[in-house]
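# Summary of structural features
Chain by chain, the residues:
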Amino acid sequence: EREASREAERTKLFVRGINAEGKDFEEETETVDISETGISFYLSTSLWMDAHLTIQIGSSELFGADCVMKAKVVRLKSEGLNKQLVGARFD
């Protein structure tokens, strides 16, 4: 089974969910890349692996305008102070 091709695409995102402190958060960011099965982006909010997120995608060639997706965090990589790369798989 071949990985879904990831398109490098800069698209505005609104990410909502529960942060590592157990509190609701909402953060605006942008995609690093996106595919039919998942998405990656930078957040300053710290998260746990397997956290469930609601992601509003502003506009993408793949999903169209203002698409809302549920996703689960499957990869976290710290990129220094208050910044981590998040990889999430769509539910």
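Now for a description of the structure that goes with this document.

About the cut-offs
Throughout this document, residue positions are counted from 1 along each chain, in the order its sequence is written. Totals for whole chains, interfaces and linings use every residue, but because this is a predicted model, local features are given only for residues with pLDDT of at least 70 and side-chain atom pairs only at 80 or more, for both listing and counting. Water and hydrogen atoms play no part in the side-chain values, which are based on all heavy atoms of the structure. The nonpolar core is taken to be a set of buried Ala, Val, Leu, Ile, Met, Phe, Trp, Tyr and Cys residues, with the residues joined through side-chain atoms within 4.5 Å. For every residue, the accessible area (1.4 Å probe, protein chains only) is compared with the maximum for its type, and the residue is labelled buried under 20%, exposed over 50%, or partly exposed between those bounds. In DSSP terms, a helix is any run of H or I states spanning at least four residues, a strand is any run of E spanning at least two, and both are numbered starting from the N terminus. We call two residues contacting when some pair of their heavy atoms lies within 4.5 Å. A pair is scored as a salt bridge if a Lys or Arg side-chain nitrogen falls within 4 Å of a carboxyl oxygen belonging to Asp or Glu. Strands pair, by our definition, only if DSSP identifies at least two bridges between them.

## So, the nonpolar core
Within soluble globular proteins, side chains that are nonpolar generally end up buried alongside one another. Among the nonpolar cores identified, the biggest contains 19 residues, and I39, F41, L53, I55 and I57 are the most heavily contacted of them. Within the residue set of this core, elements represented by two or more residues are β2 (12-18), β3 (24-34), β4 (38-43), β5 (52-60), β6 (64-78) and β7 (84-90). The residues contacting I55, other than those within four sequence positions of it, are L13, F14, I39, F41, C67, V68, M69 and A71.

## So, the pattern of salt bridges
Note that side chains of opposite charge can pair when their charged atoms are close. On inspection of all chains with the given rule, the structure shows 4 salt bridges. Across the pair K72 and D50 runs a salt bridge, and its minimum N-O distance is 3.8 Å. Within this pair, whereas K72 is found in strand β6, its partner D50 is found in the loop between β4 and β5, the two being separated by 22 residues in sequence. Taking the relative accessible area as the measure of exposure, D50 reaches 44% and is therefore partly exposed.

## Some points on the environment of T31
Along the chain, T31 falls in strand β3. Residues T31 and T11, spaced 20 residues apart in sequence, show a C-alpha to C-alpha distance of 5.3 Å.

## Some words on the side chain of T31
Exposure remark for T31: the relative accessible area of 1% places this residue in the buried category. If we skip the residues at most four places from it in the chain, T31 touches E9, R10, T11, L13, I39, S40 and F41.

## Remarks on the pairing of β4
A large share of β4 lies buried, amounting to 5 of its 6 residues. Sheet topology note: the β3/β4 ladder contains 3 bridges and is antiparallel. Along β4, the bridge assignment pairs I34 with I39. Between β3 and β4, which pair antiparallel and follow one another directly, the connecting turn spans 3 residues. Sheet topology note: the β4/β7 ladder contains 6 bridges and is antiparallel. Its bridge partner lying in β7, S40 is registered against G87.

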